[in-house]
Amino acid sequence: MGGPSAKTYMGWWGHLGSPKQKGITSYAVSPYAQKPLAHSMHNAFFNSFRRFKSQVLFVVIPGALYWYWWKNAEEYNNYLYTKAGREELERVS
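Residues numbered from 1 in each chain as written. Predicted model: local features only at pLDDT ≥ 70, side-chain atom pairs only at ≥ 80, totals over all residues. Heavy atoms only, no water.

Spelled out, the test is: UniProt positions are given in the numbering used here, feature names are shortened, and annotations may be inferred rather than shown by experiment.
Naming follows an unreviewed UniProt entry, where the protein chain appears as Cytochrome b-c1 complex subunit 8 of Maudiozyma humilis. Per its UniProt entry, the protein chain bears the Sequence similarities (unreviewed entry) comment "Belongs to the UQCRQ/QCR8 family." What UniProt states about the protein chain under its Subcellular location (unreviewed entry) heading is, verbatim, "Mitochondrion inner membrane".

Remarks on the pattern of salt bridges
To keep it simple, the criterion reads: Any carboxyl oxygen of Asp or Glu that lies within 4 Å of a side-chain nitrogen of Lys or Arg is treated as forming a salt bridge with it. Note on conventions: DSSP H or I runs of at least 4 residues are helices, E runs of at least 2 residues are strands, and numbering of each starts at the N terminus.
Per the counting criterion, the structure on display carries one salt bridge. Across the pair Glu74 and Lys71 runs a salt bridge, and its minimum N-O distance is 3.3 Å. Of the two residues, Glu74 and Lys71 both sit in helix α1 (residues 40-80), three residues apart, roughly one turn of that helix.

Details of a nonpolar patch on the surface
Rule in force here: Nonpolar side chains (Val, Leu, Ile, Met, Phe, Trp, Tyr) are joined into patches within 5 Å and like charges within 9 Å, using only residues with over 30% relative accessible area and no salt bridge. Each accessible area value is a Shrake-Rupley result obtained with a 1.4 Å probe; residue values ignore everything except the protein chains displayed when judging cover.
On the surface, a nonpolar cluster with roughly 320 Å² of combined accessible area is contributed by Leu57, Ile61 and Leu65. Structurally, Leu57 is set in helix α1.

Quick look at the structure:
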């Protein structure tokens with residue numbers, strides 16, 4: 001008897017009729033023995049700090065530039081509402 005041919009039924013998925021495999025060892029850990037939250041608070045704190053540290057410049061630098069621009073614009077606007085500012089505005093325009 002040769003190998004399977006087009007007219008030979010070998011069985012459904014997972015039950016293909018082949019001999020049992022030997023030498024395969026599998027290990028499992030009981031779910032009661034696992035510690036799924038072991039070190040979670042420690043890792044969460046340090047991972048959050050690491051992520052914050054790597055992203056802080058992407059927020060602080062544009063924020064500082066925007067704040068500097070806003071303060072200068074506010075001071076210039078306040079200056080324009082003084083007597084000297086109105087005289088300068090009339091001279092320019």
